[in-house]
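# Structural overview
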Amino acid sequence: MPDQPNQQRATTRRVEGKPAVIVTRRLLPAIEARMDELFNVSLNGTDRPMTRQQLIAAMQRCDVLVPTVTDRIDAEMIGAAGKRLGLIANFGAGVDHIDLAAARAAGIMVTNTPGVFTDDTADMTMALILSVPRRFVEGGRVIRAGEWEGWAPSTMLGHRIGGKVLGIVGMGRIGQAVAARARAFGLSIVYHNRHRLPEAIENALGARYEPDLDKLVAEADILSLHCPSTPETHNLIDARRIALMKPEATIVNTARGDLIDEEAMIVALQKGRLGGAGLDVFSNEPAVDPRLIALPQVSLLPHLGSATYEGREASGERVIANIRFWADGHRPPDQVLEGWA
């Protein structure tokens, strides 16, 4: 546990006047305008991700830092922040890019924007679940390349998804939203989670719990990942587990790129030991392995899970609310409690 002064600083600090807020990336104009009214805010007009040293310098001269998933904030950076920084108000639900334990030890509160992008990400996941077996992206490439010669009864055939098994790894908000959508398409839902869901939720979603991840991976026709990035989930789907999958199975990942051993997945796709993949996230993004780009059975998206006007505006509003609560000396509604007493 942190000592009492740090705990007090993190939970009850009140800022006199407007708090100094630094935002690391461009947000929607309406959100930036509202922040400019309420706070002494410094915005990123270029929208280029800050370097490590720029982030440290920002943390040293603000009360509140508003980072995004592109800003990795580790213990060393938090240690160098000094005593002014009191709140890291993350734009987005995921906080695996922030060292929460180090923030807690330094008495810096962390907030996020949970639930805002659930439907957006679930919609896009469903699009990938459909697009890979039905070869939608591959078909689009054929048209754009001028290679389409017209309809024929035996060309560009894919697979229907009705009756197939969707294996969901991680049954939080997004996993459950994907299950609800997938059930409407006639998919059978099997899930793996750290904790089993209440029976009422399982019944509502038509989902069956599988405590053995290896069994789930082997059973799934489509495997959809919805886990946070942690040391325990790093390369969760590795070469051994990919080898357990059906040769015609599809992997869909809209969570974090490092959940999959990307090299092992590419080799399996190249050798026909895996049917396809739908990916919105990558191990080294924004760099994407050119071998993935070359594979026709892979649908690729540039981290679009949360990319809706409605979601980004709602997330910005949640950030503003969290800052205002904190600056007024109240506990913000979206304080990240992991790592806190």
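Taking an unreviewed UniProt entry as the reference, the protein chain is identified by name as 2-hydroxyacid dehydrogenase belonging to Novosphingobium tardum. UniProt, in the comment section headed Sequence similarities (unreviewed entry), describes the protein chain in these words: "Belongs to the D-isomer specific 2-hydroxyacid dehydrogenase family."

Across the interface, helix α2 (residues 29-38) lies against helix α14 (residues 309-327) with an axial gap of 10 Å and an inter-helix angle of 15 degrees. One finds that α2 runs roughly parallel with respect to α14. The chirality of how α2 crosses α14 is right-handed. Taking contact as the criterion, the partners of I31, R34, M35 and L38 in α2 are, on α14, E313, G316, E317, V319, I320 and R324.

Look at helix α6 (residues 118-134) against helix α8 (residues 173-184): their axes get within 9 Å of each other, and the N-to-C directions meet at 50 degrees. Classified by the angle between their axes, α6 and α8 sit oblique to one another. Where α6 crosses over α8, the two elements pack in a sense that is right-handed. Between α6 and α8, the residues in contact are T118, D119, T121, A122, D123, T125, M126 and I129 and R173, I174, A177, V178, R181 and A182, respectively. Split by residue class, the contact of α6 with α8 holds seven nonpolar, three polar and four charged.

Turning to α8, a few remarks are in order. With twelve residues, α8 should reach 16 Å at 1.5 Å per residue; the first-to-last C-alpha distance of 17 Å fits that figure. Looking at α8, one finds that the buried residues are G175, A177, V178, A179 and A182. The inward-facing, buried residues of α8 contact α6, β6 (165-169), β7 (188-192) and α9 (199-205). Two residues or fewer after α8 comes G186, characterised by a positive phi angle close to 85 degrees.

Attention shifts here to the sheet that holds strand β1 (residues 20-23). A sheet is described by the order of its strands in space; here five strands give the open sequence β2-β1-β3-β4-β5, paired in parallel fashion. Here the strands that pair on one side only, and so sit at the sheet edges, are β2 (40-42) and β5 (109-111). The mean inter-strand angle of the sheet, taken between neighbouring strand axes irrespective of direction, is 20 degrees. Bridge count for strand β4 (residues 87-89) against β5 is three bridges, and the pairing is parallel. When the sheet's bridge partners are listed, I88 is paired in β5 with V110. On top of the sheet, α14 reaches β1, β3 (64-66), β4 and β5; it is set at about 165 degrees to β4, its chief contact.

Reading the values: rules and limits
Starting afresh in each chain, residues are numbered from 1 along the sequence in its written order. Given that the model is predicted, a residue must reach a pLDDT of at least 70 before its local features are reported, and side-chain atom pairs must reach 80 or more before they are shown or counted; all residues, however, enter totals for whole chains, interfaces and linings. As a convention, hydrogens and water are excluded, and side-chain values are obtained from all of the structure's heavy atoms. UniProt positions are given in the numbering used here, feature names are shortened, and annotations may be inferred rather than shown by experiment. The convention used is that axes are lines fitted to C-alpha atoms, helices contributing only their stretch in contact, and that angles between N-to-C directions extend from 0 to 180 degrees. Note on conventions: DSSP H or I runs of at least 4 residues are helices, E runs of at least 2 residues are strands, and numbering of each starts at the N terminus. Note that the term roughly parallel is reserved for angles under 35 degrees, roughly antiparallel for angles over 145, roughly perpendicular for angles of 65 to 115, and oblique for everything else. The sense of a crossing depends on the near helix, which, turned anticlockwise from the far helix by less than a right angle, makes the crossing left-handed and, turned clockwise, makes it right-handed. In this analysis, two residues are considered to be in contact whenever any of their non-hydrogen atoms come within 4.5 Å of each other. Gly counts as polar in this scheme, as do all residues outside two lists: the nonpolar Ala, Val, Leu, Ile, Met, Phe, Trp, Tyr, Cys and Pro, and the charged Asp, Glu, Lys and Arg. What a helix should span is 1.5 Å times the count of its residues minus one. Each residue's exposure class comes from its accessible area (1.4 Å probe, protein chains only) as a fraction of the maximum for that residue type: buried when under 20%, exposed when over 50%, partly exposed otherwise. Two strands form a pair only when DSSP identifies at least two bridges running between them.

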